Amino acid sequence: MRLLADLTLPRPELLTVQAENLALMRDAVRRSRTCTALHPYEGSLTPEGLPQVPLTSRDRLAEWSMDPGTPNRITEGDIRLVLRSSGSSGRVRTLLHDRPFNERVEAIGARGLCLDGLGTNPFVLNSLAPGDLFGGFGFADAVLSRRGAAVLPAGTSMPAHHLAELITDLDVGAMVGLPGYVERLLTEIPAQMQKLRTLYYLGERMASPAAEALAAAGCAVRSFAYSTTETGPIGYQCGHLTGTDHHVHEDLVIAEVVDDDGRRLPDGVPGMLAVTVLADTGTALVRYLVGDRASLRPSACPCGSTAQVLRVGARDDVSANLIGTVVTRSMFDTALGLPPDARYQVAYGSERGLLRLTLRGAALHGLTDEAVRTALGRHQTLRKVVGSPVFSGLTVDAGTAPRITARAKAPFFWSEEDGDDRA
């Protein structure tokens, strides 16, 4: 696979590189003994034919994910990293990444990282959570090292006052963290956090109050990468893009925005994001629905990149970001054994940086606080919330109806801080 040093080629030339990499993938699929899921569509692995290939859902990937000989693997063996992701669908997906995949992930992650304003060999705190088969910590460490940063592998368990000392003593220039953790640190060590020159977030977008507080102090708030456990980096933010806008890594990624029938939508029209990762080894991900809504537009960016700009929207499933972990209604339904139409609500609030949940609704009759906490703790993703050091507990209130908004809507996730006046 051809990896470009940057994405500033004239657009026809960039698309030529993409087509050549897609052809390499097609040839590898054709030769593969194991990639039976794509054999019927190998002739459609062309720029023009790709829309004829069926979409790959997260549920389908979960079914395929456990066996190294699964029908979407181009090659077998050479597994170097095993990760798990339940995403927004609530289905656990085990990902077996081979050596070329890992090298590619690190290379394009490093290519896209914006270090503007940090100088040479900057000190950067890696404040993502290590372990739990989550690849973010290792990804950030590798990307930062490739870009010449001095990495401080802090994780999320270091006491806040020790982080404050590091930031001051070493003149730390940047931090990588999940939004919920960053927001907590802003309440505990605000003065030191506001000394940072760049805050990189991974996952959900930073909430406005936290982002505004950092920006007011002169700290740039940037996406570290738009990436998933399954695909690796999909997009990156140059120094001119903000919010949820990212250039697509179009030499090695094909991004499509599609409707419910898999038809491509015009530029600027939001729809489901389907991603094809161009690879000739390991796992084949073709038209994979990552679980986000998005839109695409041509680039007219001052950075010179001709790669399309992807604007990432909401998750497909109703979701909330609880202390840095994206959780969904379907996750709670699965963990509690409740049907999708069960009437209940998950309310969340914080006090002094600690999260507390209140579950309300008649569907919860018979469930105790302890039973619910135990059930959530058995779920692949929800256990990250209830097992977090900043989780203070939960209450089951089956006798109280879900809260409603001023428009008489009862959202599944209810922020206690927002009150009842939301649209």
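Higher on the page you've got the structure.
### Some words on the sheet that holds strand β7 (residues 220–223)
Two strands in a sheet stick together by hydrogen bonds in their backbones, pointing the same way (parallel) or opposite ways (antiparallel).
Phase 1: Strand order in the open sheet made by the five strands is β4-β3-β5-β6-β7, with parallel pairing throughout. Both edges of this open sheet fall to β4 (150–152) and β7, since each of them pairs with a single strand only. Direction aside, neighbouring strands of the sheet carry axes that sit 25 degrees apart on average.
Phase 2: Pairing geometry for strand β3 (residues 123–126) and β4, over three bridges, is parallel.

### Details of the nonpolar core
When a protein is soluble and globular, its nonpolar side chains tend to lie buried together.
Phase 1: Counting 27 residues, the largest nonpolar core has V327, F332, L336, Y344 and L376 as its most contacted members.
Phase 2: Among the elements of the structure, β15 (319–322), α9 (329–336), β18 (354–360), α10 (369–377), α11 (382–386) and β19 (391–397) are those that each provide at least two residues to this core.
Phase 3: Broken down by element, the residue count for this core peaks at four residues, all from α9.
Phase 4: Excluding anything up to four places from it in sequence, V327 contacts V318, S319, A320, L322, F332, T381, L382, V385 and F413.

### Overview of the pattern of salt bridges
Phase 1: The final tally for this structure, using the stated rule, is 19 salt bridges.
Phase 2: Across the pair R197 and D171 runs a salt bridge, and its minimum N-O distance is 3.6 Å. With R197 in the loop between α7 (190–193) and β6 (198–201) and D171 in the loop between α5 (160–169) and β5 (174–177), this pair connects stretches of sequence that are 26 residues apart.
Phase 3: In this structure D171 comes out as partly exposed when scored by relative accessible area, which is 49%.
Phase 4: In the salt-bridge network here, residues are joined through shared partners; they are D78, R80, R99 and E103.

### Considerations on the environment of N121
Phase 1: Note that N121 resides in the loop between α3 (99–112) and β3.
Phase 2: Along the primary structure N121 and G148 are separated by 27 residues, whereas in three dimensions their C-alpha atoms are 5.4 Å apart.
Phase 3: Non-local contacts of N121, meaning those with residues more than four positions away in its chain, are made with G148, A149 and A150.
Phase 4: From its side chain, N121 meets the backbone oxygen of G148 in a polar contact 2.9 Å long.

### Re α10
Phase 1: Every buried residue belonging to α10 is among V372, A375 and L376, and all of these are buried. Along the long axis of α10, the arc covered by the buried residues comes to 95 degrees, so they all point the same way.
Phase 2: Buried-residue contacts for α10 involve α9, β18, α11 and β19.

Conventions we followed
Residues numbered from 1 in each chain as written. Predicted model: local features only at pLDDT ≥ 70, side-chain atom pairs only at ≥ 80, totals over all residues. Heavy atoms only, no water. Pairing = 2+ DSSP bridges. Helix = DSSP H or I, 4+ residues; strand = E, 2+ residues; numbered from the N terminus. Axes fitted to C-alpha atoms, helices over the stretch in contact; angles between N-to-C directions. Core = buried A, V, L, I, M, F, W, Y, C linked by side-chain atoms within 4.5 Å. Buried < 20%, exposed > 50% of the residue type's maximum accessible area, 1.4 Å probe, protein only. Contact = heavy atoms within 4.5 Å. Salt bridge = Lys/Arg side-chain N within 4 Å of Asp/Glu carboxyl O. Polar contact = N/O pair within 3.5 Å; in protein donor to acceptor, adjacent residues only side chain to side chain. Arc of directions from axis to C-beta.

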